[in-house]
Amino acid sequence: MKYSFGPLLLSLLSCSLVLADPDYHERLNLQPLTPASLLASFNFWSKASLQSYEEQHFKYIPRSLGQILQHAKTRELHLRFSTGRWDDESWGARPWGGTKEGGTGVELWAWVEADSDAGSFARWVTLNNALSGLFCASLNFIDSTRTTRPRMTFEPASVGTNASTDNLYLLHGTLPREVVCTENLTPFLKLLPCKGKAGIASLLDGHKLFDASWQSMAIDVRSVCPADGSECSIEMEQTVDMVLDVQRSKRPRDNPIPRPVPSEGLRCDDTKPYAGSDFCYPSDISNGQSWTIAEIFGRPIQGSCLAEDSNGNPLDSVYIDVPNEREMYITSGTENKHLSGTCRSFTLPKSEPFEMVLSHLGPQTFNDHTTPPLYASRSFTGHGQERGGVQTLLTNPSLTSSISFVYFETLPWFMKLYLHTLTARLSTSSTPNPCLIKEKFYRPALDRRRGTQLELLISVPANSTVILTYDFDKAILRYTEYPPDANRGFDVAPAVIRLLSNDKKAPVYIRTTSLLLPLPTPDFSMPYNVIILTSTVMALAFGMIFNLLVRRFVGADEVEGWDVAALKAKLRGGVMVLRDKMMKKGGKGRKSINSSCGN
Amino acid sequence: MMAPGTEVGEGDRDYRLTLPAKSSKKPPPELSEGIRVRGLVIVSFWAVVIFLGLPVWLWTTSIHRARLPLQEMLDWADGKACKPTFPLQIAIEAPLLQDAEAAHLVHMTQHALDDLNEFSAHHLRLRLAKSLSSPSRRNASIPESQDLDIGQVFQSYEDLDDRDDSALTVRLRAQDGIQAARSALQSHSTILDVAYAPNQIPSVSSSSSALATFIANRLQELFAEEQAIIAYILSQSAAGIQSTSHSPYVSPATASGSREIRSRPNRLINPEMAARLASRMTRSLKYAPTYHITMSLFTPSASPSSWQIESALAEYLTPLLDSISAVSNFTVDTQVQLYATFSPSVHAPEHDADHGVWTLQEEDLSGFINAAEWPLSPSIGAGPTLNFVLYVPDQTTSPLVVKGSQASSWLIPQWGGVVILNAQDANTTSVGSTLSKEAIRPALLTFSHQLLSFLGAPQTPPSLPLQLQTLTRIRAASLLLSASSTMGSLARLTVALPSIAIPETVSTAVDTTLSHLRYTCNALKEGKFPEALENARIAEAEAERGFFEKSMVGQVYFPDEHKVAVYLPLLGPVGVPLIMSALKELKRMWASRKAQ
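Everything numeric here is computed off the predicted structure, so don't read it as measured data. (Residues numbered from 1 in each chain as written. Chains lettered and ligands numbered in written order. Predicted model: local features only at pLDDT ≥ 70, side-chain atom pairs only at ≥ 80, totals over all residues. Heavy atoms only, no water.)

A. Broad picture of the nonpolar core. With 189 residues, the main nonpolar core has A:Phe42 and A:Leu65 as its most contacted residues. Looking at which element gives the most residues to this core, the answer is helix H14 (residues 464-496) of chain B, with 13 residues. Other than its neighbours up to four places away in sequence, A:Phe42 contacts A:Arg27, A:Leu28, A:Ile200, A:Leu203, A:Leu204, A:Gln238, A:Thr239, A:Val240, A:Asp241, A:Met242 and A:Phe297. With 38 residues, the next largest nonpolar core counts A:Leu422, A:Val460, A:Tyr470 and A:Phe472 among its residues. (Core = buried A, V, L, I, M, F, W, Y, C linked by side-chain atoms within 4.5 Å. Buried < 20%, exposed > 50% of the residue type's maximum accessible area, 1.4 Å probe, protein only. Helix = DSSP H or I, 4+ residues; strand = E, 2+ residues; numbered from the N terminus. Contact = heavy atoms within 4.5 Å.)

B. Seen up close, a nonpolar patch on the surface. The grouping of B:Val576, B:Ile579, B:Met580, B:Leu583, B:Leu586 and B:Met589 at the surface amounts to a nonpolar patch, some 580 Å² of accessible area in total. Along the polypeptide, B:Met589 turns up in helix H18 (residues 560-595). (Patch = residues over 30% accessible without salt bridge, like charges linked within 9 Å, V, L, I, M, F, W, Y side chains within 5 Å. Areas by Shrake-Rupley, 256 points an atom, 1.4 Å probe, with all protein chains shown as cover. Salt bridge = Lys/Arg side-chain N within 4 Å of Asp/Glu carboxyl O.)

C. Structural context of the side chain of A:Thr99. Position of A:Thr99 relative to the elements: it lies in the loop between helix H4 (88-91) and strand S4 (105-113). A relative accessible area of 12% means that A:Thr99 is categorised as buried.

D. How the structure looks around the side chain of A:Asn324. Residue and element names in this part refer to chain A. Assignment of secondary structure puts Asn-324 in the loop between strand S11 (316-320) and strand S12 (328-330). Judged by relative accessible area, Asn-324 falls into the buried class, the value being 17%. With residues up to four places along the chain from it excluded, the contact list for Asn-324 reads Lys-337, His-338, Gly-341, Thr-342, Cys-343 and Arg-344.

E. The arrangement of the pattern of salt bridges in detail. Following the criterion strictly, the structure yields 36 salt bridges over all chains and no others. We note a salt bridge from A:Arg378 to A:Glu409, for which the minimum N-O separation is 2.3 Å. In this pair, A:Arg378 sits in strand S17 (residues 375-381) while A:Glu409 sits in strand S19 (residues 403-411), placing the two residues 31 residues apart along the sequence. Per residue, the accessibility class of A:Arg378 equals that of A:Glu409, and both read buried. Between B:Arg36 and B:Glu33 there is a salt bridge whose closest N-O contact spans 3.8 Å. Placement of both B:Arg36 and B:Glu33 in helix H2 (residues 32-61) is noted, with a separation of 3 residues, approximately one turn of the helix. The network of salt bridges with common partners includes A:Arg80, A:Lys100, A:Asp220 and A:Glu237.

F. Region of the structure containing the UniProt feature "transmembrane region" (unreviewed entry) in chain B. UniProt tags residues 40-59 of chain B as "transmembrane region" (unreviewed entry). Across residues 40-59 of chain B, helical content stands at 100% and strand content at 0%; the span's end C-alpha atoms are separated by 27 Å. (UniProt positions renumbered as here; feature names shortened; annotations may be inferred.)

G. Quick look at the UniProt feature "transmembrane region" (unreviewed entry) in chain A. When the UniProt feature table is mapped onto this chain, "transmembrane region" (unreviewed entry) is found at residues 528-550 of chain A. Across residues 528-550 of chain A, the secondary structure splits into 100% helix and 0% strand, with the terminal C-alpha atoms separated by 32 Å.

H. The environment of A:Leu419, seen in detail. Residues and elements named next belong to chain A. Within the secondary structure, Leu-419 is located in strand S20 (residues 415-426). A residue is classified by how much of its surface remains accessible, and Leu-419, at 27% relative accessible area, is partly exposed. Separated by 53 residues in the primary sequence, Leu-419 and Phe-472 place their C-alpha atoms 8.7 Å from one another. Setting aside residues up to four positions removed in sequence, Leu-419 forms contacts with Tyr-442 and Leu-454.

I. Representation of the sheet that holds strand S23 (residues 464-474) of chain A in the model. All names here are of chain A. Spatial strand order, S17-S18-S23-S20: 4 strands in an open sheet with antiparallel pairing. At either end of the open sheet lies a strand with only one pairing partner, and these are S17 and S20. Across the sheet, the axes of successive neighbouring strands diverge by a mean angle of 15°, strand direction being ignored. As paired strands, strand S18 (residues 387-396) and S23 are joined by 10 bridges and run antiparallel to one another. (Pairing = 2+ DSSP bridges. Axes fitted to C-alpha atoms, helices over the stretch in contact; angles between N-to-C directions.)

J. Examining the interface of chain B and chain A more closely. Contact residues are listed per partner, giving 49 residues for chain B and 39 residues for chain A. Interface area, chain B with chain A, both sides summed: about 4100 Å², of which 61% is carbon and sulfur. Considering only the side of chain B, the residues that lose the most area to chain A are B:Pro27, B:Tyr339 and B:Ile380, jointly responsible for 15% of the buried surface there. Taken together, chain B and chain A are joined by 2 salt bridges. A salt bridge links A:Arg63 to B:Asp333, with the nearest nitrogen and oxygen atoms 2.8 Å apart. The interface formed by chain B and chain A includes 14 residue pairs in polar contact (both at pLDDT 80 or more). (Buried area = accessible area lost by both parts, 1.4 Å probe. Polar contact = N/O pair within 3.5 Å; in protein donor to acceptor, adjacent residues only side chain to side chain.)

K. Quick peek at the state of the cysteines. Taken as a whole and assessed by the stated rule, the structure comprises 3 disulfides over all chains. Each sulfur of the disulfide joining A:Cys225 and A:Cys232 lies 2.0 Å from the other. Judged by the torsion about the S-S bond (115°), the A:Cys225/A:Cys232 disulfide is right-handed. For A:Cys225, a relative accessible area of 19% translates into the label buried. Residue classification places A:Cys232 among the partly exposed residues on the basis of a relative accessible area of 24%. Shown here is the disulfide that connects B:Cys82 with B:Cys521, its sulfur atoms set 1.8 Å apart. Across the S-S bond of B:Cys82 and B:Cys521 the torsion is about 90°, and the bridge reads as right-handed. (Disulfide = S-S within 2.5 Å.)

Laid out in structure tokens, this is it:
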């Protein structure tokens, strides 16, 4: 299934616009999700002709990344850095249909050109090592145990390439333990043509981004060879999505501790019967929430970055999803209200700062968030350090249509899955229903060589929940295989769910949260205890044998042992002598005192 | 003091009552057999400890150190193992002369050359071209046509090189109507045409000839720069030995030996020349079979955001790179970087009202490249990266020049070059935010000039094949010396750090290096310079591999006291009875010897 993921995906958002086609454009989409939270989607898109890319003439595609991809013969790359959890109960469907997000930590998948499986893995390792240096992330730890080759879950986004004829191999790796932070954002911004100094990227700041409730940074590189035979091109898309807590973001940076609102600042709900000057029932924040860009992101937008079409006309860069009746003020640039009635866009001034104020005046309605097509949650069951189980709840909220999807999990090798215990049942029945799982693809783990790969084709009937369970054994690791904080547990990568649809729409992805697996953990002072205990036993044995060989055995009465009486007498004599000495000294002292008194 | 036994406690009294004979009862005297056996037991235990325990302990806790030929390595570093010589064969073609006449002329020219040459390591050997067979004629005739493809010339140059080792062919040709001899060097071949008046041929009996002196002078002139460079390289390495010879391995004889090497070329290089060569040598990059060239356009604002670099490269740089491709290959990549600001340590440009320009302070030039923010990481793949930065200043601080010299380009040794392209030059030729091919032409020409100086190419002689040959010899010499000095450093390091592990791979690398160094040295002596370069390259690569061996760099430091501390619970309880019994036994032996 081929699709174009530039303009098509943009149309998934409620704000959509036909874009002119320069080699670079960027846009920021602000979408209030609930009264208290705001989704900010930054998207940077750049393009270069495949010929200039292969001849290493770089312009908007960064040279550092381009050279790595060429060196590792990577045709298509998807790299994700994510933290936090998308709350689909209150926020609705995911932005970009989940195609621009990854599981917690780092996720990477790529199509690599090679002659064989082994060759593709060697290039994959090269790619990981190079990207690890570029993004200051532990990507070099994606080894064979963390690498899988998914069969059904991912489709190449490139247009005009054929994975089987071009000898392309798909490899996928996850690092759920990786903590995404500022050191990953800085190289991410350096890849942009304006380096975060101008344009919407100037809002990206580690303090705000990693303070968000949920954030995901994505890099996608793909090649596009149009069917009409025009020039092939290479496209790179960098995306940052974050959900900000408006109240939290509005706290001043130099004074971030939340404090009680002064009484004059309180907004009270006057409809309550007890309302009066002494009582205040705080009104819902949705009534009159106002913010400015500088309040939310810490600074205004620093001018525009290459936001012109080929004729030099400025392009809209900032979009916001609020009703047209709601009042907004901007310092400069132009405002553009769209016909849909709930969307407007702004152009940025060339070099002066751009500030936007969303006032609390006007209708406070929020766009009804779309219900996600599937809810998925995964958790551990069981207890003890020997075995456990995993239970995944997959809920289809649709009242009318069933849904089918690919459920993809990679489990570490020390989580030994029993495939015969893998069952799916409807939440309403207690017996497993074998019809729910349509297809299974299972690649068992090999100790210390590769992890388990499990791909299931599942279908969930309308308005029902499927419970997927399986059991596993916990392996005991070698002493050196434990990480520094072994008692924290071991992260298990999130499951990836790809929804299948019949029509040729862009795919929708959902990821569960990662799991924390407690393994039996040894006492780490053990080797020293073992050394000491063994040494003691050996020393005891040695001493016994040695004494047996060397000592002479005589009768008990023949022992020339210690003469206790003599020793006692000696000791007593010594004490007497000492006492005598002390007495003499004391006497002398007293005498001298006397004489001094006499004088 | 009371005598023992006069006062007894209650318990003891009871004891004595039941065993009245205790004080007098002695164990029966020990059998001599028993004493002997006990002695043997103790001795055997100690034997096990000393002959089995200790060696096992030492062996299991020791660091593996492969054997290295230290003395040989130091010999190479000190220049004792090889004194590189550069005998250049020069063929003389004199088709019109009698054999005897020609031989005499060659002899006299050789004599004159030897008189002129002050640097014995580099000398020219003349010989008469044996027979002018047809292939030689064919080769000789190639340069006649001037519109030849350069690659073809190189092909023919290599053919020539395969067949005979002569560095230069001197073609003598009689020409009527000229007074003095004239010479012309062909710029695309290794042929020196010498035209002479027929009456200049010396007779077999004469002892001096103007023609011979002329040829000798001309040849000496052609190779003067090469000689100076080689002499400089050799003297630098000798000086390096002098300054770093702290090792006890450097004997006084070595020191005097290297002094001798140094004193010889010093006559050839005057201080001014030495300074010029030094700056050129520090600037130039180490030899590599492949270099990466990165051309970057930096601008502090959003424009210009593109440049017509592809066509400009094809027109201005690619021909040059093609002509050097016989020595090294090049990859070229380009990038555009907007919003590139200076690092905070650089002073902002100052306005110079007198000249109407903005100036950068000269001491800031070293920090001009903002290494923290400008993405100028080396390219992936083997070989060094050369960076050429084209900086287009903002409209507000334009034109930007260097204070004092008013220059707008400079180079950073072994890293790359910088050119500031000032807007008013660019404005005339650029369309919108795109820099046209013509606008960047001067910058690219500056870059190509800088590129040649990074490669360390000599400026003379004007013939390109000769320059490349010279480059081969210079590279071979410098690689030979640098590999040798790496060997010396490795040897000194091995001696200085006794706790460093030396894996077998290092030993293998050292062996390979030394054997290739020997090949190089022999090849140089025989005048097979391409072969020498090839071997020197391998030697250098192997030497670096050995020196930067990973397991050697990350040495694990396990002090002996830690090992003892871990095993103290074993060593203590076992050691105490062993030592006590040994002492007791020794005491007994001492007593028995005294008794005797």
